[in-house]
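The primary structure of each chain is shown beneath.
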Amino acid sequence: MVFQKDTLSAERKKALRQFCKHLSIRFSDYALLDLAFHHRSYANEDARHRHVNNERLEFLGDSVLGMATAAFLYADMADNPEGDLARIKSVVVSEQTLAPVAVAMGIDKMLVLGRGEEMSGGRQKKAILADAVEAVIGAYYLDAGYAAAEKLVLSLIVPEIRKVQENRGTKDYKTILQEFYQKKCKACPVYELVRKTGPDHDQTFWVTVRLGGTTYGPAQGKNKKTAEQHAAQLAYNAVCGE
């Protein structure tokens, strides 16, 4: 499934070494690290590489990321209830948070994409970047063990935890709510514009959001997008106890 070590070019090996140096980590198996950067679009465009993608590593890394983050929050916030821990964890392991982390790591430059995905701006897509962060974590866990992978996770995530604790993090509540609800219930929030008030030049929009059989809101905003964000925040705070 993975590349053999001797198939990596000298140039690619050099780039992988520089990536590791930037993060102060060491890999024994550079082919495994290289696999973490291979998006499925690359595999889909070449039948010879149909199994060469980072999705299994992403699956593994997601669990390592979650465990390391949860354990840190459990120890760091000993006086806080479970809801506080769950809220912060869901923010810092979200695409919204992990995508900028990926860019800071240099993952955007390391990605191996199919031509179509490359042309459509795949290197800037939050989902691809966040997935690759998890894949790198999964690869490092396999290569160096849990303790080393946990150290890497905390070096990346603790600064993001501090931002949320200090309320400095940028919160896209629609994205956070959708990721949380999809993972929990395998369904998407449903937004509804229930009314508009005011003259055409100064309208206020009122939006509700439904999670299963429960409706939250309405919340208001000067445009529909803002009202949806506020409704998502209401729902997220209600289900996560903020």
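Here the structure is a predicted model, which is why all the values come from computation and not from measurement.

## A few points about the packing of helix H6 (residues 95–105) against helix H10 (residues 146–165)
Link 1 in the chain: At a minimum axis distance of 11 Å, the contact between H6 and H10 shows a crossing angle of 130 degrees. Taken as axis vectors, H6 and H10 run oblique relative to one another. Where H6 crosses over H10, the handedness of that crossing is right-handed. Contacts from Thr97, Leu98, Val101 and Met105 of H6 reach H10 at Leu156, Ile157 and Glu160.

## A look at the nonpolar core
Link 1 in the chain: Phe19, Leu33, Phe37, Met105, Ile107, Val136 and Ile157 are the most contacted members of the largest nonpolar core, which has 69 residues in total.
Link 2 in the chain: In contact with Leu33, not counting residues within four places along its chain, are Leu16, Phe19, Cys20, Phe27, Val136 and Ala139.

## Some details on the side chain of Ser90
Link 1 in the chain: Examined against the element boundaries, Ser90 turns out to sit in helix H5 (residues 82–92).
Link 2 in the chain: Ser90 sits in the buried class, given a relative accessible area of 15%.
Link 3 in the chain: A distance of 2.8 Å separates the side chain of Ser90 from the backbone oxygen of Arg87, its partner in a polar contact.
Link 4 in the chain: Among all residues touching Ser90, those that are not within four sequence positions of it are Ile176 and Tyr236.

## Re the confidence of the model for the protein
Link 1 in the chain: On average, the protein scores 90 in pLDDT, and the residues at 70 or more come to 93%.
Link 2 in the chain: Note on residues 1–5: pLDDT under 50 across the span, and 16 contacts to partners over four residues away in sequence or across chains.

## Section: the packing of helix H4 (residues 55–76) against H10
Link 1 in the chain: Put simply, H4 and H10 touch, their axes get as near as 9 Å, and they point 60 degrees apart. Overall, the two elements H4 and H10 adopt an arrangement that is oblique. The interaxial crossing formed by H4 with H10 has right-handed handedness. In this structure, H4 contributes Val64, Leu65, Met67, Ala68, Thr69, Phe72, Leu73 and Asp76 to the contact, and H10 contributes Tyr146, Ala149, Glu150, Val153, Leu154, Ile157, Val158, Ile161, Arg162 and Gln165.
Link 2 in the chain: A per-class count over the contact of H4 with H10 returns 13 nonpolar, two polar and three charged.

## Focus on the environment of Phe37
Link 1 in the chain: Within the secondary structure, Phe37 sits in the loop between helix H2 (30–35) and helix H3 (40–44).
Link 2 in the chain: Phe37 gets classed as buried once you look at its relative accessible area, which sits at 0%.
Link 3 in the chain: Taking the C-alpha atoms as reference points, Phe37 and Asp108, 71 residues apart in sequence, are found 9.0 Å from one another.
Link 4 in the chain: Phe37 has contacts with Arg12, Leu16, Phe19, Asn54, Ile107, Met110, Leu111, Val112 and Val136, leaving out every residue within four places of it along the chain.

## Things to note about the sheet that holds strand E2 (residues 204–211)
Link 1 in the chain: Here we have three strands laid out as an open sheet, ordered E1-E2-E3, and antiparallel in their pairing. Taken across any chain shown, the strands that pair with only one partner, and hence form the sheet edges, are strand E1 (190–197) and strand E3 (214–221). Strand-to-strand, the axes of this sheet are offset by a mean angle of 20 degrees, without reference to chain direction.
Link 2 in the chain: Two strands pair when backbone bridges link them, and E2 and E3 are joined in this way by six bridges, in the antiparallel orientation.

## Side note on the packing of aromatic side chains
Link 1 in the chain: In total, this model carries four aromatic pairs according to the counting rule given.
Link 2 in the chain: With a centroid separation of 5.3 Å and an interplanar angle of 40 degrees, the aromatic rings of Phe27 and Tyr140 are classed as tilted. Of this pair, Phe27 sits in the loop between helix H1 (10–23) and H2 while Tyr140 is found in helix H9 (residues 126–144), placing the two residues 113 residues apart along the sequence.
Link 3 in the chain: Looking at Tyr140, the relative accessible area reads 8%, which means it is buried.
Link 4 in the chain: Taken together, a centroid distance of 5.9 Å and an interplanar angle of 85 degrees make the contact between Phe180 and Tyr236 edge-to-face. Taken together, the residues span a long stretch of sequence, with Phe180 in helix H11 (residues 173–185) and Tyr236 in helix H12 (residues 224–240) at a distance of 56 residues.
Link 5 in the chain: Three or more aromatic residues joined by ring pairs make a cluster, and in this case those are Tyr173, Phe180 and Tyr236.
Link 6 in the chain: Directly above the aromatic system of Tyr191 lies the positively charged group of Lys174, at a separation of 4.8 Å from the ring centroid.
Link 7 in the chain: Sitting over the face of the ring of Trp206, Arg195 holds its NZ or CZ atom 4.1 Å from the ring centroid.

## Quick notes on H5
Link 1 in the chain: For H5, the buried fraction is high: eight of the 11 residues fall into the buried class.
Link 2 in the chain: Those residues of H5 that sit buried are Gly83, Asp84, Leu85, Arg87, Ile88, Ser90, Val91 and Val92.
Link 3 in the chain: Elements in contact with the buried residues of H5: H4, H6, H10, H11 and H12.

Calculation rules
Residues numbered from 1 in each chain as written. Predicted model: local features only at pLDDT ≥ 70, side-chain atom pairs only at ≥ 80, totals over all residues. Heavy atoms only, no water. Axes fitted to C-alpha atoms, helices over the stretch in contact; angles between N-to-C directions. Helix = DSSP H or I, 4+ residues; strand = E, 2+ residues; numbered from the N terminus. Parallel < 35°, antiparallel > 145°, perpendicular 65-115°, else oblique. Left-handed = near helix turned anticlockwise from the far one by under 90°. Contact = heavy atoms within 4.5 Å. Core = buried A, V, L, I, M, F, W, Y, C linked by side-chain atoms within 4.5 Å. Buried < 20%, exposed > 50% of the residue type's maximum accessible area, 1.4 Å probe, protein only. Polar contact = N/O pair within 3.5 Å; in protein donor to acceptor, adjacent residues only side chain to side chain. pLDDT = per-residue confidence, 0-100. Nonpolar A, V, L, I, M, F, W, Y, C, P; charged D, E, K, R; others polar. Pairing = 2+ DSSP bridges. Phe/Tyr/Trp six-rings, centres within 6.5 Å; stacked < 30°, edge-to-face > 60°. Lys NZ or Arg CZ within 6 Å of the ring centre and 35° of its normal.

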